[in-house]
Amino acid sequence: MKKYIVIGNPIDHSLSPKLHNYWLKKNNIYAEYDKSLIQKSDLSNIIKSIKNKDVEGANVTVPFKSEIINYLDELSPEANNTKSVNTLLNENGKVIGHNTDIAGFELAIRHTKYDLSNKKILILGAGGVVSSVICALNKSRVKKITVMNRTFSKAETLKELFQNIEIIKWGSAVPFDMIINATSLGLNEKDQINLNFENIGENKFFYDIIYNPRQTNFLKNAKKNFHKTENGKMMFIYQAHQAFTIWHKIMPKINKEVIDLI
Ligand code: ATR
């Protein structure tokens, strides 16, 4: 039986096995998809197991999306532009890194019907997924992208990759239309983001990359204040959809059953 995995640390929250195994079954593909809690020191062995086809393909999640690049033979153009990889595939003996987060984010925003044109976007965090979010936003006609991260140097590194973004110190006040939580704050249900949203105005769009738990405090508080909110569920489904298509050359269905599964 062919084997696929998602690697990360932590990994408990990942619903990738649930979704991929559902699609595998629906499409009569004899394979299984597992999650694997790994350390950085395991990365090289994982690449070896993909090379020798013990593992057919893998998804990569926090905190290895950029670290993994050091072990790969080639990158897709999207992975190279963002220096971020979330999908691995053995192509003719070479391990190739793909990025399906960009399309995942793009399609998820389209799904919300939110018009990004001329909007000011504030991104919280500068971790593994943020370059993909910026890359997707750069394709739509947003007015401005600001990145705010607790560790400023990581925002500076992003600025080297995307000169058009503005970077600011954690806790600074900046006007925005849409705010994206791309930090890991919220993965634990009790997490709070220590920022003051009192004077931000009305009708903002609060988007959380986190999809499990479904409603972080970031979204709960925004909802209380009548802002538009959305979690990362559709982004998760769309990035998985792209990964599935890369591996199996079949486009699985995204329907109500799939959406309700997550
Ligand atoms: P990595 O940074 O290793 O790529 P990640 O999970 O993709 O891992 O990113 C975690 C993000 O959440 C980072 O932007 C991190 O900020 P730092 O760069 O300062 O670490 C952010 N984050 C995590 N805990 C945080 C906290 N308590 N307050 C603010 N930001 C936090």
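Look up a bit, the structure's there.
Every value quoted in this text rests on a predicted model; they were computed, and no experiment measured them.

The rules behind the values
- Residues numbered from 1 in each chain as written.
- Predicted model: local features only at pLDDT ≥ 70, side-chain atom pairs only at ≥ 80, totals over all residues.
- Heavy atoms only, no water.
- Pairing = 2+ DSSP bridges.
- Helix = DSSP H or I, 4+ residues; strand = E, 2+ residues; numbered from the N terminus.
- Axes fitted to C-alpha atoms, helices over the stretch in contact; angles between N-to-C directions.
- Contact = heavy atoms within 4.5 Å.
- Near = heavy atom within 4 Å.
- Polar contact = N/O pair within 3.5 Å; in protein donor to acceptor, adjacent residues only side chain to side chain.
- Areas by Shrake-Rupley, 256 points an atom, 1.4 Å probe, with all protein chains shown as cover.
- Nonpolar A, V, L, I, M, F, W, Y, C, P; charged D, E, K, R; others polar.

## Section: the sheet that holds strand 7 (residues 120-124)
Strands pair in a sheet through their backbones, by hydrogen bonds, and they do so in one of two ways: parallel or antiparallel. Here 6 strands make up an open sheet; going across it, the order is 9-8-7-10-11-12 and the pairing parallel. A strand with exactly one partner marks an edge of an open sheet, and here the two such strands are strand 9 (166-169) and strand 12 (228-230). On average, each strand axis in the sheet is tilted by 20° relative to the strand beside it, whichever way the strands run. One ladder, built from 3 bridges, connects strand 11 (residues 205-208) with strand 12; its direction is parallel. Across the sheet, phenylalanine 206 pairs through a bridge with threonine 229, a residue of strand 12. Contacting strand 10 (178-181), strand 11 and strand 12, helix 4 (residues 101-112) runs over the sheet at an angle of about 140° to strand 11.

## Examining the site of the ligand
Around the ligand lies a shell of 14 residues, among which Gly128, Asn149, Arg150, Thr151 and Lys154 are the nearest. In the model, an oxygen atom of the ligand is placed 3.0 Å from a nitrogen or oxygen of the alanine 126 main chain. Between an oxygen atom of the ligand and a side-chain N or O atom of threonine 151, the distance comes to 2.5 Å. Alone, the ligand offers 620 Å² of accessible surface; in the complex the protein occludes 76% of this. Partitioned by chemical class, the residues of the shell around the ligand number 5 nonpolar, 7 polar and 2 charged.

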